[in-house]
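Structure assessment
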Amino acid sequence: MLTAKAYAAPSATEPLVPLTIERRDVGPKDVLIAIRYAGICHSDIHTVREEWGPITFPQVVGHEIVGEVTEVGSEVTKHSVGDRVGVGCMVNSCRECEQCRAGNEHYCLGGNTQTYASVDRDGTITQGGYSTHVVVDEDFVLTVPEALPYDAVAPLLCAGITTYSPLARWNTGPGSRVAVVGMGGLGHLGVKIAVAMGAEVTVLSRSESKKDDALAFGAVRHVATGDDGALEALRGSFDLIINTVSAPLPMDAYLATLRPEGALVNVGAPPQPLPVSVFSLIIGGRSLAGSNIGSIRETQEMLDFCAEHGIAPETELISADRINEAYERVLNSDVRYRFVIDTATL
Ligand code: NAP
Ligand code: ZN
Ligand code: ZN
């Protein structure tokens, strides 16, 4: 067993603290990664605070991981020592169900093994990326293009793929009118990626405070949804809406901003149900959908797309002793636009 330094939640109500954890021995198909940077996703906060349900403590979270390969198992062919690699939200899946066989391991019918708070194949609970090392099956390890900035690339592994996947699935391209709701970690990457795909992008954010940034990321329009009548003025405007908001929104008001046969895709994951009137869907034949991260193949495609188009997350690099403060700032939307932990400070 290898020991690794980490930062862990001791319970749902206490701050995260330093902890030493064990990583499994490197198996024939495994890769040992020395983690350099780990992003802080809002899902990390939902999880450790048990907003999505009970978990086992202590728990290390973090599923936006980049680092270098320092050891490979005897049967590994995809990665070599010294490679710059990434790990996102999953570290394994059943590999046998129809979804896994079709390359959709993120929709594994038996449920994929998530990077943290998931029961691993050996029965242990997976521990995430706020850590110095991790051991992962090579099939779930991504190649991180050198063109992407090392200290800022980590958020692509969750926030990037989570917005790229629905944009690609709904055929975003020149002529698409796309709205991104909420401009946080996911939202700001959704804007950059949709713009690079050729779409005309509108940001729907609560206030004017992020307007200059939205336009700098390539959006053609920014609307402060907190203003009276703001959504009503947008009736019938969009082909696709990507909702990244971590709290429930009035779905009917947002659905009304879709063009006929448009789709509103939820990637934001508030624990509460969303109320919706079926008439918001029937009238105009609109769709209300959801999307969960993306497959490993699509995640690699997204990384290569971002390298080709010069897309990088906007980040604030922090030391590990600032993780708890960073959580509060995420909850107050006081982050431009993703915190990344320098794991050398663990
Ligand atoms: P984040 O950085 O906190 O961004 C969320 C944004 O939503 C905020 O910046 C804010 O944008 C807006 N917002 C927050 N509270 C709001 C409220 N009460 N009412 C209206 N708008 C509000 O979070 P994130 O890391 O991007 O994650 C967003 C959500 O996606 C979380 O629920 C997370 O768990 C989920 N997620 C899902 C997947 C998936 O696979 N589906 C993957 C990753 C994350 P403005 O300031 O612009 O209004
Ligand atoms: Zn995430
Ligand atoms: Zn499967």
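Figured I'd write up the structure that's included with this text. (Residues numbered from 1 in each chain as written. Chains lettered and ligands numbered in written order. Predicted model: local features only at pLDDT ≥ 70, side-chain atom pairs only at ≥ 80, totals over all residues. Heavy atoms only, no water.)

Topic: the overall build of the protein
Selection rule: Helix and strand definitions follow DSSP, with helices as H or I runs of at least four residues and strands as E runs of at least two, each counted in order from the N terminus. Throughout, the radius of gyration refers to the C-alpha atoms, and the reference size of a globule is 2.2 Å times the residue count to the power 0.38. Partly exposed describes any residue whose relative accessible area lies between the buried limit of under 20% and the exposed limit of over 50%, with all areas from a 1.4 Å probe on protein chains only and scaled to the type maximum. Pairs of residues are marked as contacts when any of their non-hydrogen atoms sit within 4.5 Å. Throughout, the Shrake-Rupley method with a 1.4 Å probe supplies accessible areas, and for residues the shown protein chains are the sole cover considered. Asp and Glu count as negative and Lys and Arg as positive, but His and the ends of the chain are not part of the count. Charged side chains are reduced to one point each, which is NZ for Lys, CZ for Arg, CG for Asp and CD for Glu.
Helix and strand counts for the protein stand at 9 helices and 17 strands. Against the globule reference of 20 Å for 346 residues, the protein gives a C-alpha radius of gyration of 20 Å, in line with a compact fold. Once the C-alpha set of the protein is aligned to its principal axes, its extents read approximately 60 × 40 × 35 Å. When the 346 residues of the protein are sorted by exposure, 55% land in the buried category. A separation of at least 24 residues holds for 67% of the contacts in the protein among residues at least 6 apart in sequence. Working note: accessible area of the protein is about 14,200 Å², and carbon and sulfur atoms make up 50% of it. Side chains of the protein carry 26 positive and 43 negative charges; the gap between the two charge centres is 4 Å.

A word on the pairing of strand β16 (residues 315–318)
How we decide: A pair of strands is considered paired only if DSSP assigns at least 2 bridges between the two. Crossovers are described as right-handed under a simple rule: with the strands pointing away from the observer, the path leading from the first strand over the helix to the second runs clockwise.
Two elements, β16 and strand β17 (residues 338–342), share 4 bridges in a ladder whose sense is parallel. Within β17, the residue paired with Leu 317 across the bridge is Val 340. With helix α9 (residues 323–331) bridging β16 and the parallel β17, this β-α-β connection has right-handed handedness.

So, the coordination of the zinc ion (ligand 2)
Stated formally: Counted as coordinating are nitrogen, oxygen and sulfur atoms within 2.8 Å of the metal, or 3.2 Å for Na, K and Ca, while water is not included, which may make sites look incomplete.
Taken together, Cys 41 (SG), His 63 (NE2) and Cys 158 (SG) make up the full set of protein donors to the zinc ion (ligand 2), lying 2.0 to 2.3 Å away. Linear spacing of the donor residues for the zinc ion (ligand 2) on their chain is C-x21-H-x94-C. Of the two residues, His 63 is situated in the loop between α1 (42–48) and β4 (65–72) and Cys 158 in the loop between β9 (142–143) and α3 (159–169); the sequence distance between them amounts to 95 residues.

Topic: the site of ligand 1
Basically, it comes down to this: Only a single heavy atom is needed: when it lies within 4 Å of a molecule or strand, its residue is near that molecule or strand. Pairs of N or O atoms within 3.5 Å make up the polar contacts considered here, provided that, within protein, one atom can donate a hydrogen while the other can accept it, and that residues adjacent in sequence are counted only when both atoms are side-chain atoms.
For ligand 1, the set of nearby residues contains 29 residues, the closest of which are His 42, Ser 43, Ser 205, Lys 210 and Arg 338. Arg 338 places a polar side-chain atom, nitrogen or oxygen, 2.6 Å from an oxygen atom of ligand 1. If ligand 1 stood free it would expose 930 Å²; the protein chains cover 88% of that surface. If you list the elements that add at least two residues to the shell around ligand 1, you get α1 and α4 (185–196). In terms of residues, the shell around ligand 1 owes the most to one element, α1, which gives 3 residues.

Some thoughts on the environment of Thr 143
Mapped onto the secondary structure, Thr 143 falls in strand β9. Separated by 161 residues in the primary sequence, Thr 143 and Asp 304 place their C-alpha atoms 9.0 Å from one another. Excluding residues that lie within four positions of it along the chain, Thr 143 makes contacts with His 79, Arg 84, Gln 300 and Leu 303.

What about the coordination of the zinc ion (ligand 3)?
Ideal values differ by geometry: the angle at a metal is 109.5 degrees with four tetrahedral donors, but 90 or 180 degrees with six octahedral donors. Put simply, the rule is: Labels for metal geometry use angle windows, namely 85 to 135 degrees for all angles of a four-donor tetrahedral site, and for square planar (four donors) or octahedral (six donors) sites opposite donors over 155 degrees apart plus all others within 65 to 115; sites meeting none of these are irregular.
Taken together, Cys 94 (SG), Cys 97 (SG), Cys 100 (SG) and Cys 108 (SG) make up the protein donors of the zinc ion (ligand 3), found 2.3 to 2.4 Å from the metal. Because the angles between the 4 donor atoms bound to the zinc ion (ligand 3) fall within 103 to 118 degrees, the donor set is best described as tetrahedral. Note on Cys 97: relative accessible area 12%, which makes it buried.

Brief notes about the packing of α3 against helix α8 (residues 296–309)
Rule in force here: Lines fitted to the C-alpha atoms define the axes, with helices restricted to the stretch that makes contact. Angles between their N-to-C directions range from 0 to 180 degrees. We call two directions roughly parallel when the angle between them is under 35 degrees, roughly antiparallel when it is over 145, roughly perpendicular when it lies between 65 and 115, and oblique otherwise. Side-chain classes follow a simple rule in which Ala, Val, Leu, Ile, Met, Phe, Trp, Tyr, Cys and Pro form the nonpolar group, Asp, Glu, Lys and Arg form the charged group, and the remainder, Gly included, forms the polar group.
Between α3 and α8, whose axes approach to 10 Å, the crossing angle comes to 100 degrees. Here α3 is positioned roughly perpendicular relative to α8, judged by the angle of their axes. Contact with α3, carried on its side by Gly 160, Ile 161, Tyr 164, Ser 165 and Ala 168, involves Glu 298, Thr 299, Glu 301, Met 302 and Phe 305 of α8 and no other residues of that element. The class makeup of the residues in the contact of α3 with α8 is 5 nonpolar, 3 polar and 2 charged.

Some remarks on unusual backbone geometry
Residue Pro 58 is bonded to the preceding Phe 57 through a cis peptide linkage, with omega at -5 degrees. One can find Pro 58 in the loop between α1 and β4. Positive phi outside glycine occurs at Glu 50, with the angle close to 60 degrees. Note that Glu 50 resides in the loop between α1 and β4. Here Glu 50 falls in the partly exposed class, since its relative accessible area comes to 28%. For Ser 333, which is not a glycine, the phi torsion comes out positive at approximately 55 degrees. Following the sequence through the fold, Ser 333 ends up in the loop between α9 and β17. With a relative accessible area of 25%, Ser 333 lands in the partly exposed category.

Overview of the packing of α3 against α4
Applicable threshold: With the far helix as reference, a near helix turned anticlockwise by less than a right angle produces a left-handed crossing, and one turned clockwise produces a right-handed crossing.
In contact at an axis separation of 8 Å, α3 and α4 are set at 50 degrees when each is read in the N-to-C sense. Put simply, α3 runs oblique to α4. For the pair α3 and α4, the sense of crossing is right-handed. Residues Ala 159, Gly 160, Thr 162, Thr 163, Tyr 164 and Leu 167 of α3 pack against Gly 185, Leu 186, Leu 189, Gly 190, Ile 193 and Ala 194 of α4.

Some thoughts on the pattern of salt bridges
Rule in force here: Here a salt bridge means any side-chain nitrogen of Lys or Arg lying within 4 Å of a carboxyl oxygen belonging to Asp or Glu.
Counting across every chain of the model gives 19 salt bridges. A salt bridge links Lys 29 to Asp 139; the nearest nitrogen and oxygen atoms lie 3.8 Å apart. Pair noted here: Lys 29 is in the loop between β2 (17–23) and β3 (30–39) and Asp 139 is in the loop between β8 (133–137) and β9, with a separation of 110 residues, a long-range link. For Asp 139, a relative accessible area of 18% translates into the label buried. With its nearest N and O atoms 3.1 Å apart, the salt bridge here joins Arg 297 to Glu 301. With Arg 297 and Glu 301 both in helix α8 and 4 residues apart, the pair spans about one turn of that helix. Taking the relative accessible area as the measure of exposure, Arg 297 reaches 54% and is therefore exposed. When its relative accessible area of 34% is taken as the criterion, Glu 301 is described as partly exposed. Within this structure, Lys 29, Lys 78, Arg 95, Asp 137, Glu 138 and Asp 139 form a network of salt bridges that share partners.

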